[in-house]
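Residue strings, one per chain:
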Amino acid sequence: MTTFLVGMAILLVGGFLYGKFVQGIFKPDDRPTPATKFQDGVDFVPMTKFRNALINLLNIAGTGPIFGPIQGILFGPIAFLTIPIGCVISGATHDYLCGMMSLRQNGAQMPGIVNKFLGGKTYRVYNVFLCLLMLLVGAVFTYTPGDLFANQIMGIQGVNMWTWIIYAVILGYYLIATLFPIDKIIGRIYPIFGAILLLSAVGVLVGIFAKGYILNDIDLSQGMKGLFDVYPMWDAAGNTGVGTKFIPVFFVTVACGITSGFHSTQCTLIGRSVTTEKEGNFTFYWMMILEGVIAMIWAAAAMGIYNKGSLSGTTAVVGEVAKDLLGPIGGLVAILGVIVLPITSGDTALRSCRLMIADSLHISQKEKRNRIMLTLCIFVPVIAILVFAKLNAEGFNILWRYFAWANQTIAVFAFAAITVYLQAKKGAPKYAFLISLLPGSFYLFIISSFLLSQSIGFGLPLTISYVIAAVLVVLYIIVLMHAGRKYAAKNSEE
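This structure is a prediction, so every number in the text was calculated from the model and none was measured. (Residues numbered from 1 in each chain as written. Predicted model: local features only at pLDDT ≥ 70, side-chain atom pairs only at ≥ 80, totals over all residues. Heavy atoms only, no water.)

Engineer: Would you mind going over the side chain of Ser448 with me for this structure?
Structural biologist: Inspection of the secondary structure puts Ser448 in helix α17 (residues 434–453). Once residues within four sequence positions are removed from consideration, Ser448 is found in contact with Ala469 and Leu472. (Helix = DSSP H or I, 4+ residues; strand = E, 2+ residues; numbered from the N terminus. Contact = heavy atoms within 4.5 Å.)

Engineer: I would appreciate a short explanation of helix α5 (residues 79–104) in the present structure.
Structural biologist: Helical geometry: 3.6 residues make up each α-helical turn, so side chains three or four residues apart lie on a common side. If you check α5, its first and last C-alpha atoms are 35 Å apart, about what 26 residues at 1.5 Å a residue would give, namely 38 Å. Maximal helix bending in α5 amounts to about 50°, located at Cys87. Extensive coverage of α5 is indicated by the burial of 23 of its 26 residues. Two residues or fewer after α5 comes Asn106, characterised by a positive phi angle close to 60°. (Expected span 1.5 Å × (residues − 1). Bend = angle between axes of the 7 residues up to and from the residue. Buried < 20%, exposed > 50% of the residue type's maximum accessible area, 1.4 Å probe, protein only.)

Engineer: Hey, could you run me through the pattern of salt bridges in this one?
Structural biologist: Side chains bearing opposite charge may pair, as long as their charged atoms lie close to each other. Overall, the coordinates contain nine salt bridges when judged by the stated rule. A salt bridge links Arg104 to Glu277; its shortest N-O distance comes to 2.6 Å. Placement of the pair is Arg104 in helix α5 and Glu277 in the loop between α12 (262–270) and α13 (280–307), with a sequence separation of 173 residues. For Glu277, a relative accessible area of 2% translates into the label buried. Residues Lys211 and Asp324 are paired through a salt bridge, measuring 4.0 Å at the closest nitrogen-oxygen approach. Here Lys211, found in the loop between α10 (190–210) and α11 (246–254), pairs with Asp324, found in helix α14 (residues 314–361); they are 113 residues apart in sequence, far enough to count as distant. The partly exposed category is assigned to Lys211, whose relative accessible area is 46%. Using a relative accessible area of 21% as the deciding quantity, one classes Asp324 as partly exposed. One salt-bridge network, held together by shared partners, links Asp29, Arg31, Arg104 and Glu277. (Salt bridge = Lys/Arg side-chain N within 4 Å of Asp/Glu carboxyl O.)

Engineer: I would appreciate a short explanation of the packing of α17 against helix α18 (residues 462–490) in the present structure.
Structural biologist: Packed helix pairs are specified by the crossing angle of their axes together with the interaxial distance, meaning the distance between the axes. Packing of α17 against α18 leaves a shortest axis separation of 8 Å and a crossing angle of 145°. Once α17 is placed against α18, the crossing between them reads as right-handed. In this structure, α17 uses Leu437, Gly440, Ser441, Leu444, Phe445, Ser448, Ser449, Leu452 and Ser453 to contact α18, whose residues at the interface are Leu462, Ser465, Tyr466, Ile468, Ala469, Ala470, Leu472, Val473, Tyr476, Ile477, Leu480 and Met481. Across the contact of α17 with α18, the residue classes tally to 15 nonpolar, six polar and no charged. (Axes fitted to C-alpha atoms, helices over the stretch in contact; angles between N-to-C directions. Left-handed = near helix turned anticlockwise from the far one by under 90°. Nonpolar A, V, L, I, M, F, W, Y, C, P; charged D, E, K, R; others polar.)

Engineer: Can you walk me through a nonpolar patch on the surface in this structure?
Structural biologist: A contiguous nonpolar surface patch, about 870 Å² in accessible area, is contributed by Phe458, Leu460, Ile464, Val467, Ile468, Val471, Leu472, Val474, Leu475 and Ile478. Within the fold, Val471 resides in helix α18. Given a relative accessible area of 46%, Val471 falls into the partly exposed group. (Patch = residues over 30% accessible without salt bridge, like charges linked within 9 Å, V, L, I, M, F, W, Y side chains within 5 Å. Areas by Shrake-Rupley, 256 points an atom, 1.4 Å probe, with all protein chains shown as cover.)

Engineer: Hey, could you run me through the nonpolar core in this one?
Structural biologist: Most often, soluble globular proteins keep nonpolar side chains buried together rather than apart. By size, the foremost hydrophobic cluster in this structure holds 154 residues, and its most contacted members are Ile66, Ile83, Tyr174, Ile208, Phe250 and Leu422. The element that contributes the greatest number of residues to this core is helix α16 (residues 395–424), accounting for 20 residues. Setting aside residues no more than four positions away along its own chain, Ile83 makes contact with Phe250, Val254, Gly257, Ile258, Gly292, Ala295, Met296 and Ala299. (Core = buried A, V, L, I, M, F, W, Y, C linked by side-chain atoms within 4.5 Å.)

Engineer: In this structure, what is going on with the packing of aromatic side chains? I would like to understand it.
Structural biologist: Note on aromatic pairs: each is described by the distance of the centres and the angle between the planes. One pass over the full model with this rule turns up 29 aromatic pairs. Aromatic side chains Phe246 and Phe250 sit 4.7 Å apart centroid to centroid with 20° between the ring planes, which places their arrangement in the stacked category. In this pair, Phe246 and Phe250 are both assigned in helix α11, four residues apart and thus about one turn of the helix distant. On the basis of relative accessibility, which here comes to 1%, the residue Phe246 falls in the buried class. For Phe250, a relative accessible area of 0% gives the class buried. Between Phe396 and Trp400, the aromatic rings sit 5.9 Å apart at their centres with planes inclined by 35°, giving tilted as the arrangement. Separated by four residues within a single helix, Phe396 and Trp400 lie in helix α16, roughly one turn from each other. Taken individually, Phe396 and Trp400 each receive the classification buried, so the pair is uniform in this respect. By the ring-pair criterion, three or more aromatic residues cluster together here, those being Phe67, Phe141, Tyr143, Trp164, Tyr167, Phe396, Trp400 and Phe403. Over the aromatic face of Phe282 sits the side chain of Lys49, whose NZ or CZ is 4.9 Å from the ring centroid. (Phe/Tyr/Trp six-rings, centres within 6.5 Å; stacked < 30°, edge-to-face > 60°. Lys NZ or Arg CZ within 6 Å of the ring centre and 35° of its normal.)

Right under this line is the structure:
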């Protein structure tokens, strides 16, 4: 339990201190925001601080801070330290600066920001990865709520006709949301779902202590061993998972609970509703810290339920924890909340994918036929991914890791754009770019070594993968420093 409590202290105290530090570098002021300058009642809509924050939390959360930590805690209590440290210096910093850059760029979304600060060639590569991420988000956020509804609400185990019917209903909603602006209606109740997420997390936290869940602590009796060379404690079959290395697998597995590139697309979206820059710390930085809190709670709950002897898969663990800690009614509410949350992210992801592809290929979306054809082109691969994940014994783990890898690849692009921006930012300290360059370099090492070493990638020996990844990081730093100096020589950013 001590390691968990220390981690929570790092997350909250560290978030407060480092958040103020990052805010001091950016220097928010009283200038008009895009929401007030370009108010149009459609895209640029001023909203209150708490409404913006809750909507942003709901958009960035989904099942990411739940399913990732449930799998990540299999590596042991080290997760109770790496989640908060990563969230404070990487994830929350990423979200805050993406949102605030959008405010300073007249509400520009991430593709526009990447195009401006990294150039047209990088922008085209970025769009490919971003569209891949959105497709994977659509598949993951159909699989997880669908399985939760089937398993925990309807009591269906395995794959049968009802499983596919549930998936079809969710995809049917996504299809409508992709073609029509239905999210404008749903957006009115987003804060309610955000409140459900928070209440269920608080309930689980209280239940952990009330039920006396056993939470393992880090054992330093053997020195540093176990911090950076950890084997998973359990898996669904009760195996120890010998051979799985903490770096890079842990950081790919946990993903959203620490750093998520998907968040950049959501923070820039809600940035069009922020009425003053000084709300950015709460709306962007602290909502990611709150997601980190949720990740810590579910990691602890998963460890507790595993220590009670559960060997269930990821989706089943959610139901076991909810019902064990909150009782039948409270558990049902928590499960329903976890079901609804990813759906409210999946709809916007696929619609955004359609718009990005249309913009890149210059396909007008005013014509209904164009929208329908492009939407069908998006849904075919989503359905194919979903079918593969469901029919393959390791399908969900494979799907999740591809999703997490693409997610953090997008974050690397965002960190790169932030690094160039900070080198050209008027009045910023000379070291300012380090707050994005360092986490960006770390995640480039993670995604590179993961893809190079894992069976879903190139399957190279881990040592060779580390060396190649390190070389790529050095090149990344050299290229970014050159690009930043070149941009700063011609431009000055506020």
